[in-house]
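Given next are the chains, with one letter for each unit.
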2 protein chains.
Amino acid sequence: MSWIEDPAFTPDAPFGPQTLPYGVVPGGIAVRVGDRALPLRPLASLFGERLAPLVTAPTLNPLLAAGRPAWSELRAKLVELVTATAAPRGAELVGLDGAVLPFEVADYVDFYSSRHHAENVGRMFRPDGDPLLPNWTHIPIGYHGRAGTVVVSGTPVVRPEGQRRSSDGPVFGPSRRLDIEAEVGFVCGGPVASRLSPAKAVDHVFGVTLVNDWSARDIQAWEYQPLGPFLGKSFATSVGAWITPLEAFSAARVTPPPLGNDVLPYLVEDRPWGLDIRIEVEWNGVLVSRPPFRTMSWTFAQQLAHLSSNGATVRPGDLIASGTVSGPERDERGSFLELSWGGQEPVAVGDAERTFLEDGDTVRITATAPGGNGSVVGLSEVVGTIAPAVSEG
Amino acid sequence: MSWIEDPAFTPDAPFGPQTLPYGVVPGGIAVRVGDRALPLRPLASLFGERLAPLVTAPTLNPLLAAGRPAWSELRAKLVELVTATAAPRGAELVGLDGAVLPFEVADYVDFYSSRHHAENVGRMFRPDGDPLLPNWTHIPIGYHGRAGTVVVSGTPVVRPEGQRRSSDGPVFGPSRRLDIEAEVGFVCGGPVASRLSPAKAVDHVFGVTLVNDWSARDIQAWEYQPLGPFLGKSFATSVGAWITPLEAFSAARVTPPPLGNDVLPYLVEDRPWGLDIRIEVEWNGVLVSRPPFRTMSWTFAQQLAHLSSNGATVRPGDLIASGTVSGPERDERGSFLELSWGGQEPVAVGDAERTFLEDGDTVRITATAPGGNGSVVGLSEVVGTIAPAVSEG
């Protein structure tokens, strides 16, 4: 029995010793054990000269930069430490409250790798055309988002204002079609590198976190041609406070669904990196969707291979998000745009009905994946509550 | 007569005492005086307690964060120092070589604010439609680029590889339509802020630099729908090594050309911030274009007001670029795509002809603006030479 006696810290629980995600609490870098956090600074001397500076840094960035061998060594030592029968000297468990954004985001790229999502959006916005554009099955389509407005789970999301179409021409005001996008994010690290094969790309991914890519659909619809989404997305992107190491997902690997055509050699994986991450979306406490990440067509390894194929470098702190995760069923859609079919089919949220987000609404996204031997690996929640627009607050 | 006796450091010369751009050389932060640099570290004690740490930092970022009052105070002291008759103790002029990227880029946003450029591109790519999309005269259209691949002038640009269309379906290989975009960049600073009026936005701009937003048109054409440019741009964006303070441009202000419709109140400027910056583009030493920045329809103040209108924060180190600067005349176009009309009309480059860039080609962009009292303010060159693609090098 571990010195951490806690039913939330067993292999059956999502944050047992098989998971051990990293975050930053007021006491510095910590590892999540069940529903508490173990700050590592007081234990730094246990990790040796090479690792100690990485766990005493103010953010995870130095650890991200250290690369796979350091990540594996630290994780192995942590497993030993948290499963020991006696607490190490200086160990003190603290609450999860107060966790901050655990790393400085370098570049943020958002992909668009769910066929069901892309087809749903295509059907709504281009009803007369093919729901999928011809490049989609050949390229992991993506774009750069705003790194400076990535915020940690729990940060209130102020309803954005912006330009939207009206029958009297463009008007400026609070978004009326505020939406979520339930996504999975991959936090990059290792040496700065470019032109990565999918196999090499894997060593540049430190860990996994949930992402809510808040989206103002009315702002987006008016602005996005021809250069893509901008202010419809840039007001806030929420990420989980705890980054689950990629190593925890080895039992969750699956083969992604076929694209229907061959991909070019630079995108071919030797071992596929689809992941059986099961997402749940709660709207004001009501479970409204279960997006299945295993249905995504492009993997993070392919996404990183693609984004670095032109010579662009991948840096520690780069964040890539999967794009909205939507499965084939209605109750597997990862955005309210899709769930309400563009606002035409209201969604039952307990006794209420919703199309898009109202002020005061709270969205909570959680996920688990198989951890091997019947265990389950957790991804920390990403939660946010809508605050009124500044002009109305 | 100043102690800096140099014909390149007079009010008639672009880098005289009216300009004083900042950069970082191997000796630290420096100010450009004529064709040499004056490192500030040895002179730090002359600037006082508040400013000294800003000029001894490894990058300009702390100075960017310090805000307008510090920028003005430092500039006033520098003017005094470089125009004094006696050299201050410790002053030593060094060459401009070895200047590095002078600041860490936070977020990089590229706008699209030249009507002529937008119309030229529209005519080429959507020959049957209106050359300008309906949102263009209401919104300073823009998108996020890759901050991690912004490089300093002089950095070789390796020809990117990527996916492009072919008659046999998509293929991967070196870009065949490698292009430039001559732009003006604005380096942001001051306190982190959002929802800026155009007037307030001005105080969040530290200085101005030239930008070459290298573009692979074949990669871009295949990838850009529906989320905008990505790998066609992300391999490299070159910026000048020396940032000319915004204060140097007070005599260069002009009113931008009319948009043809009213703009919404959040974009209305009380005093317009168009700038009479005269750009020159040299291709292998031959002047091929003179893009006039005064023809741009949206100002940097409007661009910053727009990008922060949804609550997005502007941070020190944010870089916003104007978009390709193209005037109404053929020899005022800021991209080779436009100069060669999509490759159909080769451009005379001395005795040679060109459509897009060949390996070994060098592009040099320079600019000046009126500095008042007959003086001229310079923007440091942004230069780059094309290296062969990695698979062919």
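Just so you know, the residues in each chain are numbered from 1, in the order the chain's sequence is written. Chain letters start at A and ligand numbers start at 1, both assigned in the order the entries are written. In keeping with the model being predicted, local features are shown solely for residues with a pLDDT of at least 70 and side-chain atom pairs are shown and tallied solely at 80 or more, while totals for entire chains, interfaces and linings include all residues. Note that the side-chain values use all heavy atoms of the structure and ignore hydrogens as well as water.

Caption draft 1: Summary view of the sheet that holds strand β19 (residues 278–283) of chain A. Residues and elements named next belong to chain A. Strand pairing requires that DSSP identify at least two bridges connecting the strands. Only DSSP runs of H or I reaching four residues or more are called helices, and only runs of E reaching two or more are called strands; each is numbered from the N terminus. If you walk across this open sheet you meet the five strands as β8-β25-β24-β19-β20, and the pairing is mixed. Across the chains shown, the open sheet's two edge strands, defined by having one partner strand only, are β8 (157–158) and β20 (286–289). Pairing analysis gives six bridges linking β19 to strand β24 (residues 362–372), with the strands arranged antiparallel. Note that in β24 the partner of Arg 278 across the bridge is Thr 368.

Caption draft 2: Highlighting the sheet that holds strand β20 (residues 286–289) of chain B. Residues and elements named next belong to chain B. On the basis of which strands lie adjacent, the open sheet formed by five strands has the order β8-β25-β24-β19-β20 and mixed pairing. In this open sheet, the two edge strands, each paired with only one partner strand, are β8 (157–158) and β20. Where strand β24 (residues 362–372) lies against strand β25 (residues 375–387), nine bridges are found, and the strand directions are antiparallel. Residue Ala 367 lies in a different strand from β25, and its bridge partner there is Leu 379.

Caption draft 3: How the structure looks around helix α4 (residues 115–125) of chain A. Note on exposure labels: buried denotes an accessible area under 20% of the residue type's maximum, exposed denotes more than 50%, and partly exposed covers the range between, all computed with a 1.4 Å probe on protein chains only. Among all positions in α4 of chain A, only His 117, Ala 118, Glu 119, Asn 120, Val 121, Gly 122 and Met 124 of chain A are buried. Should any heavy atoms of two residues lie within 4.5 Å, those residues are counted as being in contact. Buried residues in α4 of chain A make contact with α8 (336–339) of chain A.

Caption draft 4: Here's a closer look at the relation of the copies chain A and chain B. We superpose the copies by least squares over the C-alpha atoms of residues that have a pLDDT of at least 70 in both of them. With an axial shift of 0.0 Å and an RMSD of 0.0 Å, the rotation relating chain A to chain B amounts to 180 degrees. As the rotation angle and translation indicate, the two copies are arranged about a two-fold axis. Proximity to the rotation axis, assessed at the C-alpha, singles out Gly 228 of chain A in chain A; its C-alpha lies 2.1 Å from the axis. When the interface residues of chain A are mapped onto chain B, 100% of them again fall at the interface, so both copies present the same face.

Caption draft 5: Fine view of the packing of helix α1 (residues 48–55) of chain B against helix α3 (residues 68–83) of chain B. Residue and element names in this part refer to chain B. Fitting a line to C-alpha atoms yields each axis, with helices limited to the stretch in contact; the angle taken between N-to-C directions then spans 0 to 180 degrees. Where α1 contacts α3, the axes come no closer than 11 Å and their chain directions differ by 90 degrees. In terms of axis orientation, α1 runs roughly perpendicular to α3. Taken together, the residues of α3 that come into contact with α1 (itself represented by Arg 50, Leu 51, Leu 54 and Val 55) are Pro 69, Ala 70, Glu 73, Leu 74 and Lys 77. Its residues assigned to classes, the contact of α1 with α3 shows six nonpolar, no polar and three charged. Here roughly perpendicular refers to angles of 65 to 115 degrees, roughly parallel to angles under 35, roughly antiparallel to angles over 145, and oblique to all remaining angles. All residues other than Ala, Val, Leu, Ile, Met, Phe, Trp, Tyr, Cys, Pro, Asp, Glu, Lys and Arg, Gly among them, are scored as polar; the first ten of these are nonpolar and the last four charged.

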